[in-house]
2 protein chains.
Amino acid sequence: MHGEIAPGHALTLRGVGQQFDVSMTPAREAVRRLVAEGALSMSNSGRVATPELSNERIEELAALRALIEVELASRALPRAHMALIDRLQTINGAVSDAVTRHDAVAYIRSNLEFHRALYLRAQAPAMLAMAETVWLQLGPTMRALYGKLRRKEPPHYHRLIIAALKAGDEPGLRLAVRSDVTQGLKMLAS
Amino acid sequence: MHGEIAPGHALTLRGVGQQFDVSMTPAREAVRRLVAEGALSMSNSGRVATPELSNERIEELAALRALIEVELASRALPRAHMALIDRLQTINGAVSDAVTRHDAVAYIRSNLEFHRALYLRAQAPAMLAMAETVWLQLGPTMRALYGKLRRKEPPHYHRLIIAALKAGDEPGLRLAVRSDVTQGLKMLAS
DNA sequence: CCGGCCGGTTTGTGATCACACTCCGGTCCC
DNA sequence: GGGACCGGAGTGTGATCACAAACCGGCCGG
């Protein structure tokens, strides 16, 4: 999810097992679960690797993010108090730090933490789980994407999200979330 | 997914294994995968059962169905030719049959087949997989729901969907799909 | 020089087993 | 009579093993 593994990287059950000091059995369960969630792809011979997503699939996943996360943000809006906004601004500072340090993994991790903190207020665990499943599928690709576009400035749309939250502006919030989610992934198609 | 198991029904690894003439290992993988997808719930002691969904969770899942399936239908619309509409009408006949036979499982199965046939035209496998994950989570609940409302007539909104497809009416299609998806699940909250 | 073949090695699969924990029943004591 | 206790059956977990298939070298023939 955090882009620690590049797309197309192969994994073996015995390797994963050694990495976590367990036998093949728990490693197999974990890997199969991640395959079921779409986080890993399995060849027809059972070999497992991080997926290399096609542009069509990336577009689909971006559309899913837009659909689900806009709804989550919308549901979180009436429950968003000042404590949440403070927390979002703190996390946003971590995002900026990661950008200036050119730390892709930290950037992805804190960026997702920003979104999760907001969506937790929606009190919609099934929807949040769905969104996280999409994040999981996009993890390796987001890492590759970050390498392509050399970001210099912290995310612009996060500020718009916070502003819309403060103003209680639901249409503005929906647009800001949609833009933030869609923005980065559009670059990859070009 | 098809409501063959009632909510709250307990499963054991050895039982599932015997049912399919395999040992515990494949049974465990299958069960864990279904847990990962939310189709089964696992107690903190590892016991597995079909979930008994709260009304809040049902509302969330219905909202997810509405979000995703409306988008899928919208994407399928420009690709929908007469062959698809014929097929949908045929499947709709099976739905009606199941209703008159009071066969809950056949009703759920053919109803989902109707939706899947439409969404397959959207050429969006990731979105379809997401929708099917939601169906999976709702399977046992849909069975219980069918028992509560004694349907007599075949689904009204399916006809609206077909009519909107024929007319190329996108707003009408979106509304019809949203209504069809939301309709049944709203009853459960009351 | 290139492509097909062919061995050894790696890898996933499924079965089996020992173990710890949980659950559920009866039983005993207060 | 009711509730706590206790023991056995049931259950999930993780390790290990045998096996089949896939992969990846190098080698040989054209």
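Residues numbered from 1 in each chain as written. Chains lettered and ligands numbered in written order. Predicted model: local features only at pLDDT ≥ 70, side-chain atom pairs only at ≥ 80, totals over all residues. Heavy atoms only, no water.

### Digging into the protein's contact with DNA strand D
Filter applied, for reference: For this purpose, a residue is taken to be near a molecule or strand whenever a single non-hydrogen atom of the residue falls within 4 Å of it. Whenever two N or O atoms come within 3.5 Å, that pair is a polar contact, provided that in protein one can donate a hydrogen and the other can accept it, and provided that, for residues adjacent in sequence, both atoms are side-chain atoms. Strands here mean DSSP runs of E at least two residues long; helices mean DSSP runs of H or I at least four residues long; both are numbered from the N terminus.
For DNA strand D, the set of nearby residues contains 15 residues, the closest of which are Ser23(A), Thr25(A), Met24(B), Arg28(B) and Arg32(B). For DNA strand D, the backbone makes up 65% of the atoms found within 4 Å of the protein, where backbone means sugar plus phosphate. In this structure, Leu13(B) approaches DNA strand D through a main-chain N or O atom, which is 3.0 Å from a phosphate oxygen. Here a phosphate oxygen of DNA strand D and a side-chain polar atom of Arg32(B) are 3.0 Å apart. Mapped by element, the contributors of at least two residues to the surface near DNA strand D are α2 (24–36) of chain A together with α1 (13–19) and α2 (24–36) of chain B. For the surface near DNA strand D, the element with the highest residue contribution is α2(B), accounting for 3 residues.

### Brief notes about the packing of helix α4 (residues 82–100) of chain B against helix α5 (residues 104–120) of chain B
All names here are of chain B. Applicable threshold: Axis lines are fitted to C-alpha atoms, over the contacting stretch for helices. Their N-to-C directions set the angle, which ranges from 0 to 180 degrees. The labels follow the angle: roughly parallel below 35 degrees, roughly antiparallel above 145, roughly perpendicular from 65 to 115, and oblique for the rest. What makes a crossing left-handed is the near helix being turned counterclockwise from the far one by less than a right angle; a clockwise turn instead makes it right-handed. Whether two residues are in contact is decided by their heavy atoms, any of which lying within 4.5 Å being enough.
One can describe the packing of α4 onto α5 by two numbers: an axis separation of 8 Å at closest approach and a directional angle of 165 degrees. In terms of their interaxial angle, α4 and α5 are classed as roughly antiparallel. Like other packed secondary-structure pairs, α4 and α5 cross with a definite hand, here left-handed. Mapping the contact onto sequence places Leu-84, Arg-87, Leu-88, Ile-91, Asn-92, Ala-94, Val-95, Ala-98 and Val-99 in α4 and Ala-106, Tyr-107, Ser-110, Asn-111, Glu-113, Phe-114, Ala-117 and Leu-118 in α5.

### A look at the domain arrangement of chain A
By a widespread convention, an interface's size corresponds to the accessible area lost as its parts come together. Note the following rule: Just so you know, the domain bounds were taken from an automatic or database domain assignment.
You can read the domains of chain A as domain 1 (10–49) and domain 2 (55–189). Computed over C-alpha atoms, the centres of domain 1 of chain A and domain 2 of chain A are 28 Å apart.

### Some details on the interface of chain B and chain A
To keep it simple, the criterion reads: Summed over both partners, the accessible surface that disappears when two parts come together, traced with a 1.4 Å probe, is what is meant by buried area. Criterion for a salt bridge: a side-chain nitrogen of Lys or Arg within 4 Å of a carboxyl oxygen of Asp or Glu. Lys, Arg, Asp and Glu make up the charged group, whereas Ala, Val, Leu, Ile, Met, Phe, Trp, Tyr, Cys and Pro make up the nonpolar group; the residues left over, Gly among them, are polar.
If you look at the interface, chain B gives 25 residues, while chain A gives 26 residues. Both faces combined, the contact of chain B with chain A buries some 2,200 Å², and carbon together with sulfur accounts for 65% of it. Of all residues in chain B, Glu29(B), Glu60(B) and Met130(B) bury the most surface against chain A, accounting for 28% of the area lost on that side. Inspection of the chain B/chain A interface yields 6 salt bridges. Notably, a salt bridge pairs Arg75(A) with Glu59(B), separated by 3.0 Å at the nearest N-O pair. Connecting chain B to chain A are 10 residue pairs in polar contact (both at pLDDT 80 or more). Among the secondary structure elements, those contributing two or more residues to the side of chain B that touches chain A are α2, α3 (55–76) and α6 (125–148) of chain B. For the side of chain B that touches chain A, the element with the most residues is α3(B), which contributes 10 residues. Grouping the constituent residues of the side of chain B that touches chain A by class yields 12 nonpolar, 3 polar and 10 charged.

### Details of the pattern of salt bridges
The cut-off we apply is this: For every residue, the accessible area (1.4 Å probe, protein chains only) is compared with the maximum for its type, and the residue is labelled buried under 20%, exposed over 50%, or partly exposed between those bounds.
Counting across every chain of the model gives 22 salt bridges over all chains. Across the pair Arg28(A) and Glu29(B) runs a salt bridge, and its minimum N-O distance is 3.2 Å. Separated into two different chains, Arg28(A) in helix α2 and Glu29(B) in helix α2 make up a pair that spans both. Residue class for Arg28(A) comes out partly exposed when judged on its relative accessible area of 26%. Judged by relative accessible area, which is 11%, Glu29(B) ranks as buried. If you follow the salt bridges from partner to partner, you end up with Arg28(A), Arg32(A) and Glu29(B) in one network.

### Some remarks on the relation of the copies chain B and chain A
In plain terms, the rule: For the least-squares superposition of copies, only C-alpha atoms count, and only for residues with pLDDT at least 70 in both.
Mapping chain B onto chain A is achieved by rotating through 180 degrees and translating by 0.0 Å along the same axis, at an RMSD of 0.1 Å. Expressed as an axis order, the relation between the two copies is that of a two-fold axis. Every residue of chain B has its C-alpha some distance from the rotation axis, and the shortest such distance is that of Arg33(B), at 2.6 Å. In this assembly, 100% of the residues forming the interface of chain B have copies in chain A that are likewise at the interface, indicating an isologous arrangement.

### What about the protein's contact with DNA strand C?
Around DNA strand C there are 15 residues in total, and Leu13(A), Met24(A), Arg32(A), Ser23(B) and Thr25(B) lie nearest to it. Here the atoms of DNA strand C within 4 Å of the protein split so that 65% fall in sugar or phosphate, with bases taking the remainder. In this structure, Arg14(A) approaches DNA strand C through a side-chain N or O atom, which is 3.0 Å from a base nitrogen. Of all elements in the fold, only α1 (13–19) and α2 of chain A together with α2 of chain B reach the threshold of two or more residues within the surface near DNA strand C. Looking at the surface near DNA strand C element by element, the count peaks at 3 residues for α2(A).

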